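# Observations on the model geometry
Now for the letters of each chain:
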Amino acid sequence: MNFIITTPLYYVNDKPHLGSVYTTIICDSIARYKRLRGEKVIFITGVDEHGLKIQRTAINNGVSPKEHCDEISDIFKKNWLEWNISFNKFIRTTSQEHEKVVHEFYEKVKSSNDIYMGEQKGWYCVGCEEFKDNPDNSPSYKCPIHKKNLEWKNETNLFFRLSKYQETIEELIQDPEFIEPKERRNEIINFVSKGLKDFSISRTNLDWGIRVPDHLNHTFYVWFDALLGYVSAISSVDKSSSLDISIKSGWPANLHIIGKDILRFHAIYWPAMLISAGMKPPQKILGHGFLTREGQKMGKSLGNVLDPEILLKKYGEESVRWYLLKDISLGSDGDFQNRRFVDIINNDLANTIGNLLNRTTSMSRKWFNNQTPSISEKNNNEIITLSNKSINNYLTYFDMYKIDKASNEILNFAINVNLYLNKKEPWSLIKDDNNINEVKLIIYNVLEATRIIGTLIKPILPEFSIKILFQLGENDIGNTDWLERLQWGLLPESRDLPKPIPIISKLDYE
Ligand SMILES: [Zn+2]
């Protein structure tokens, strides 16, 4: 069966920010890992293009909403290609395929008697596209997130009977696998325990949205429409997209990766909507933390927003990937610090891994005729034990989506191999011909360890992996037999080694 993983469908009010890059990199790394483990992956990303905020942004920019969405959607797609993101589907919520699925879905929810016409009164945040629960507590009527004035709305809207699913949702979120991390799950349990209220799923006086078929002066509420993008994306290849094709292609999603700010929509509204339509809820929702910069919240008003495009141009995508995936525990908040970033790339990738590979292939070429050494006994020594332990831990962590821990397993293995090399000092042993077999074994062990490191790092840093393996005379063979290739001793003896070149350049402080 397919493994379906999604990023959120990003709101096109602006080009991708560092937070969207972070989410997408996490998904990419998990998608690559699953493919290496032999699963057929559908990796979905895309854009959420409707709603009042988009309509207003477009008007402010002097273009039509459609023109605005076309432009920003292209930027997103182009960005993900530049970041080497291996998505399989890119869904736009303004596409006809999507609209068709929204209509089909609406009919199913309606036939479950979960739609009714009601009065919607309250304070609305256009930035959140959400009614705020209790603005009475906020004397200034401002959104606590956007710090902008809320707008009073009084409309007759279509409502979804969320309250009917109180018990169903309570049961669903009891499963510790459903929402991660634990703190996020507790927030949701707490929210649900206060009682779920029906929510409006349509807007009047808003043109930029999908029309409700039986109430043409209404458009669908942007969240009702956007969440369905996960479903329509699956069947969006052929123009004959439909709910049924999506279900047959493997719905439910195995994993939604989102920022913690949109957890409520994904963990409560979305499963209830799906169940109402007779569909299965997603299997897991993982809410990652927020990124700060040098300990400060990033914001336009603070003038400290870190532009991911600048990072990409300056450092390349894989350095940024390593920092975000290895240094931030998935689920916790993370901080981007420039000095720390430079230190981590130089220490981990350039010194610990790059240098280990470079100096060992150099020694091997110098002493063994530009080849890997030939050895008599390679199956019993401390490095094998270490390697197997690191591999097992790595797989366990990755299966739990603890990518930072998996990355650190690779790094610690490399640190230990460096220690082994420094302790054994083959450069001293080689001076005495009697030590030749021992030197051969040491060099083989270190080279084989770097082959394992290069193989393990593939889902995290795909290009870096290819570069490591190339230095050992290995060609990239894609996703086949990845697990088998982690077995010790597969590096051929007396194999020609290419001339060593540095696989990553060191970074300078700004
Ligand atoms: Zn807001």
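Everything below is about the structure shown above.
First, a word on what this report is: a plain description of the structure on this page. (Residues numbered from 1 in each chain as written. Predicted model: local features only at pLDDT ≥ 70, side-chain atom pairs only at ≥ 80, totals over all residues. Heavy atoms only, no water.)

### Overview of the side chain of E130
Inspection of the secondary structure assignment puts E130 in strand β5 (residues 130-131). When sequence neighbours within four positions are dropped, the list of residues in contact with E130 reads W123, Y124, C125, Y221 and F265. (Helix = DSSP H or I, 4+ residues; strand = E, 2+ residues; numbered from the N terminus. Contact = heavy atoms within 4.5 Å.)

### Looking at the coordination of the zinc ion
Protein coordination of the zinc ion is provided by C125 (SG), C128 (SG), C143 (SG) and H146 (ND1), with donor distances spanning 2.1 to 2.3 Å. For the zinc ion, the four donor atoms in the first shell make angles of 101 to 112° at the metal, a pattern classed as tetrahedral. Of note, the donors binding the zinc ion are all from one chain and are spaced C-x2-C-x14-C-x2-H. (Donors = N, O, S within 2.8 Å, 3.2 Å for Na, K, Ca; no water. Tetrahedral: all angles 85-135°; square planar, octahedral: opposite > 155°, others 65-115°.)

### What about the sheet that holds strand β6 (residues 151-160)?
One open sheet holds the four strands; their spatial order is β5-β4-β6-β8, and the pairing between them is antiparallel. Here the strands that pair on one side only, and so sit at the sheet edges, are β5 and β8 (199-200). Bridging between β6 and β8 involves two bridges; their strand directions are antiparallel. Note on β8: the bridge partner recorded for F159 is S200. Sitting on the sheet, helix α10 (residues 263-276) touches β5, β6 and β8, and the angle it makes with β6 is about 35°. (Pairing = 2+ DSSP bridges. Axes fitted to C-alpha atoms, helices over the stretch in contact; angles between N-to-C directions.)

### As for empty space enclosed by the protein
All chains considered together, the criterion is met by one cavity of 30 Å³ or more. Its volume calculated, the largest cavity comes out at about 40 Å³. Forming the walls of the largest cavity are Y22, I26, L324, L325, I328, L330, I403 and D404. Secondary structure elements with two or more residues in the lining of the largest cavity: α1 (18-36), α12 (317-327) and α15 (403-424). Here the lining of the largest cavity is composed, by residue class, of seven nonpolar, no polar and one charged. (1 Å grid on protein atoms, 1.4 Å probe; cavity = no way out; pocket = protein on both sides within 12 Å on 5 of 7 lines; lining within 4 Å. Points joined across faces, edges and corners; volume = space filled by probe spheres on them. Nonpolar A, V, L, I, M, F, W, Y, C, P; charged D, E, K, R; others polar.)

### Some remarks on the nonpolar core
The biggest cluster of nonpolar side chains holds 157 residues, and the ones touching the most others in it are I5, I30, F105 and Y394. Not counting the four nearest positions on each side in its chain, I5 is found in contact with C27, I30, A31, V41, I42, F43, I44, L255 and I257. (Core = buried A, V, L, I, M, F, W, Y, C linked by side-chain atoms within 4.5 Å. Buried < 20%, exposed > 50% of the residue type's maximum accessible area, 1.4 Å probe, protein only.)

### Observations regarding the packing of helix α5 (residues 166-174) against α10
Any two packed helices are characterised by how steeply their axes cross, that is the angle between the axes, and by the distance between the axes. The N-to-C vectors of α5 and α10 enclose an angle of 120°; their axes lie 10 Å apart at closest approach. Considering only the axes of α5 and α10, their crossing is right-handed. Here T168, I169, L172 and I173 of α5 lie close against α10, whose contacting residues are A267, I268, P271, A272 and I275. (Left-handed = near helix turned anticlockwise from the far one by under 90°.)

### Concerning unusual backbone geometry
Along the chain, E180 connects to P181 via a cis peptide bond; the corresponding omega equals -5°. Assignment of secondary structure puts P181 in the loop between β7 (179-180) and α6 (182-193). Cis rather than trans, the peptide bond between W251 and P252 has omega equal to 15°. Summarising the element assignment, P252 is placed in the loop between α9 (243-248) and β12 (255-259). Of note, the phi angle at E425 is positive, near 45°, even though the residue is not glycine. Looking at the secondary structure, you find E425 in the loop between α15 and α16 (426-429). A relative accessible area of 35% means that E425 is categorised as partly exposed.

### Describing α15
Taking 1.5 Å of rise per residue, 22 residues should cover 32 Å, and α15 covers 32 Å from first to last C-alpha, within 8% of that figure. Among the residues trailing α15, E425 stands out with phi positive, at a value near 45°. (Expected span 1.5 Å × (residues − 1).)

### Quick word on the packing of helix α13 (residues 338-367) against helix α17 (residues 436-456)
For the pair α13 and α17, the least separation of the axes is 10 Å and the interaxial angle reads 140°. It follows that α13 is oblique to α17 by the angle criterion. Seen along the crossing, α13 lies across α17 with a hand that is left-handed. Each of I353, L356, L357, T360, T361, M363, S364 and W367 in α13 lies in contact with α17, whose residues at this interface are V439, I443, V446, L447, T450 and I453. Across the contact of α13 with α17, the residue classes break down as 10 nonpolar, four polar and no charged. (Parallel < 35°, antiparallel > 145°, perpendicular 65-115°, else oblique.)

### Comments concerning the packing of aromatic side chains
Under the defined criterion, the tally for this structure stands at 26 aromatic pairs. Between Y10 and F76, the aromatic rings sit 5.7 Å apart at their centres with planes inclined by 15°, giving stacked as the arrangement. Here F76 lies in helix α3 (residues 65-82) and Y10 lies in strand β1 (residues 2-11), a separation of 66 residues in the sequence. The exposure classification of Y10 matches that of F76, with both residues buried. Aromatic pair Y106 and F220: ring centres 5.2 Å apart, planes at 70°, arrangement edge-to-face. (Phe/Tyr/Trp six-rings, centres within 6.5 Å; stacked < 30°, edge-to-face > 60°.)

### Things to note about the pattern of salt bridges
By the definition in use, this model includes 27 salt bridges. Across the pair R340 and D327 runs a salt bridge, and its minimum N-O distance is 2.7 Å. Taken together, the residues span a long stretch of sequence, with R340 in helix α13 and D327 in helix α12 at a distance of 13 residues. Among the residues examined, D327 registers a relative accessible area of 23% and is labelled partly exposed. (Salt bridge = Lys/Arg side-chain N within 4 Å of Asp/Glu carboxyl O.)

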